[in-house]
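# Descriptive analysis of the structure
Each chain, written out:
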Amino acid sequence: MLTDWKGRPLRDLRVSVTDRCNFRCGYCMPREVFGSTYEFLPRRQILSFEEITRVVRLFAGLGVRKVRLTGGEPLLRQDLPDLVRMLSALPDLDVALTTNGSLLPQQSRALADAGLRRITVSLDSLDDDIFRAMNDVRFSVARVLEGIDAAAAAGLSPIKINAVVRRGMNDQTVVDLARHFKGSGHVLRFIEYMDVGTTNGWRLDQVVSGQEILDLIDAEMPIEPVDSAYRGEVARRWRYIDGEGELGVITSVTRPFCGDCTRTRLSAEGKLYTCLFAAYGTDLKEVLRGGAGDEEILDMVRGIWNSRRDRYSEVRTEETTGLDRIEMSYIGG
Ligand code: SAM
Ligand code: SF4
Ligand code: SF4
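The text that follows walks through the structure, step by step, so that each part is easy to find. (Residues numbered from 1 in each chain as written. Chains lettered and ligands numbered in written order. Predicted model: local features only at pLDDT ≥ 70, side-chain atom pairs only at ≥ 80, totals over all residues. Heavy atoms only, no water.)

Glancing now at the site of ligand 2. Near ligand 2 the following residues occur: Cys 21, Phe 23, Arg 24, Cys 25, Cys 28, Met 29, Gly 72 and Asn 100. In terms of residue class, the shell around ligand 2 is made up of five nonpolar, two polar and one charged. (Near = heavy atom within 4 Å. Nonpolar A, V, L, I, M, F, W, Y, C, P; charged D, E, K, R; others polar.)

Below, the structure written as structure tokens:
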């Protein structure tokens, strides 16, 4: 088994299939930076489905069991079900997707038919005014809820719903969101607002801790902890005492989980990053297009993972947020 110097195995691969997004919510693509003149990657610089499938196949051989397609907004990538079909044909691999949900009404059926089984939809508030203020194109909450229903109807249940909580933005709507999904069969997970990229103007006082969120919910709908299912599970799990389902908190800021981080990320243009907060990635596209054989690529990846020392969230302070790093819209969550 391939492990890094801390003994962390390589288990999960996140693949960004596009750096574009049709929401541009302030969390990872603030409108001041990603406005109409922002230049996204040209098509030829983006990995093809064949290139992505080759990389995933090689990673599966090194122990990766879960691949998650992300972005940018992955449903903007043309013919995405074709990629899902190609990846689903690989043995022992769980294929998942994270989306803002806006295109799920049109695409859920084709994705499910192509072999997608697990889906995570981002929805930060049920309050339309807050939600519209957060995304740059004034999508409504109803559109995302419609997407969640379409995904459930296509057989993609149970669905995970991710909500990033930022103080002064959507923190007062946390309990409403929990109430909405309680008893729905879907699992809501609250994520602490992180200092991803260099453009979101993050400050520590904007972070609402997972504990604060749990306390707010527990005061109205009592909950109790559930044991985590496997090493490396990033969400701490809780269940409603009345039996109406589960929820989770992802405490990347107040209780980091770097010690169990088994994840690596491939950007849309084929750079490999071993941490969400890395400043540099290894250019796999150049290697793939340069005609490298499988063994050469595998050796390279083994070397990268063996020497991995990432633990950014364990050493985060307000000072470290000024360090250079890739944008989340470029590499996925
Ligand atoms: N566009 C898709 C979406 O929004 O689900 C996929 C890509 S998005 C970068 C992946 C996840 O990252 C989303 O659930 C989003 O809420 C989360 N995210 C973005 N910015 C974040 C931040 N600053 N802190 C924590 N999570 C963040
Ligand atoms: Fe787009 Fe998702 Fe980033 Fe929001 S979090 S700007 S929807 S990529
Ligand atoms: Fe993994 Fe880096 Fe996040 Fe730590 S900060 S959990 S090493 S991605």
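To continue, consider the pattern of salt bridges. Per the counting criterion, the structure on display carries 24 salt bridges. Among the salt bridges present, the one from Lys 271 reaches Glu 269, with a minimum N-O distance of 4.0 Å. Note on Lys 271: relative accessible area 25%, which makes it partly exposed. On the basis of relative accessible area, Glu 269 is assigned to the buried category, the value being 13%. One network of salt bridges, in which partners are shared, links Asp 4, Arg 8, Arg 308 and Asp 310. (Salt bridge = Lys/Arg side-chain N within 4 Å of Asp/Glu carboxyl O. Buried < 20%, exposed > 50% of the residue type's maximum accessible area, 1.4 Å probe, protein only.)

Near ligand 1, the surroundings consist of 20 residues, among which Gly 72, Glu 73, Ser 122, Val 164 and Met 194 are the closest. Between ligand 1 and Glu 73 there is a distance of 3.2 Å, counted from a nitrogen atom to a side-chain nitrogen or oxygen. A distance of 2.5 Å is found between an oxygen atom of ligand 1 and a side-chain nitrogen or oxygen belonging to Ser 122. Against a free-state accessible area of 550 Å², the protein chains account for coverage of 94% of ligand 1. (Polar contact = N/O pair within 3.5 Å; in protein donor to acceptor, adjacent residues only side chain to side chain. Areas by Shrake-Rupley, 256 points an atom, 1.4 Å probe, with all protein chains shown as cover.)

Most of strand E1 (residues 12–16) sits out of view: five of its five residues are buried. Residues Asp 12, Arg 14 and Ser 16 point to one face of E1 and Leu 13 and Val 15 to the other, with burial holding for every one of them. Bridge analysis of E1 against strand E2 (residues 66–70) gives five bridges, and the strand direction is parallel. Each bridged residue has a counterpart across the sheet, and for Ser 16 the counterpart in E2 is Thr 70. Crossover connection from E1 via helix H1 (residues 49–61) to parallel E2: handedness right-handed. Where E1 and strand E10 (residues 263–266) come together, four bridges link them in parallel fashion. From the neighbouring strand, Arg 14 faces E10, where its bridge partner is Arg 265. (Helix = DSSP H or I, 4+ residues; strand = E, 2+ residues; numbered from the N terminus. Pairing = 2+ DSSP bridges. Right-handed = clockwise from strand over helix to strand, strands pointing away.)

Shape descriptors only; they carry no functional weight alone.
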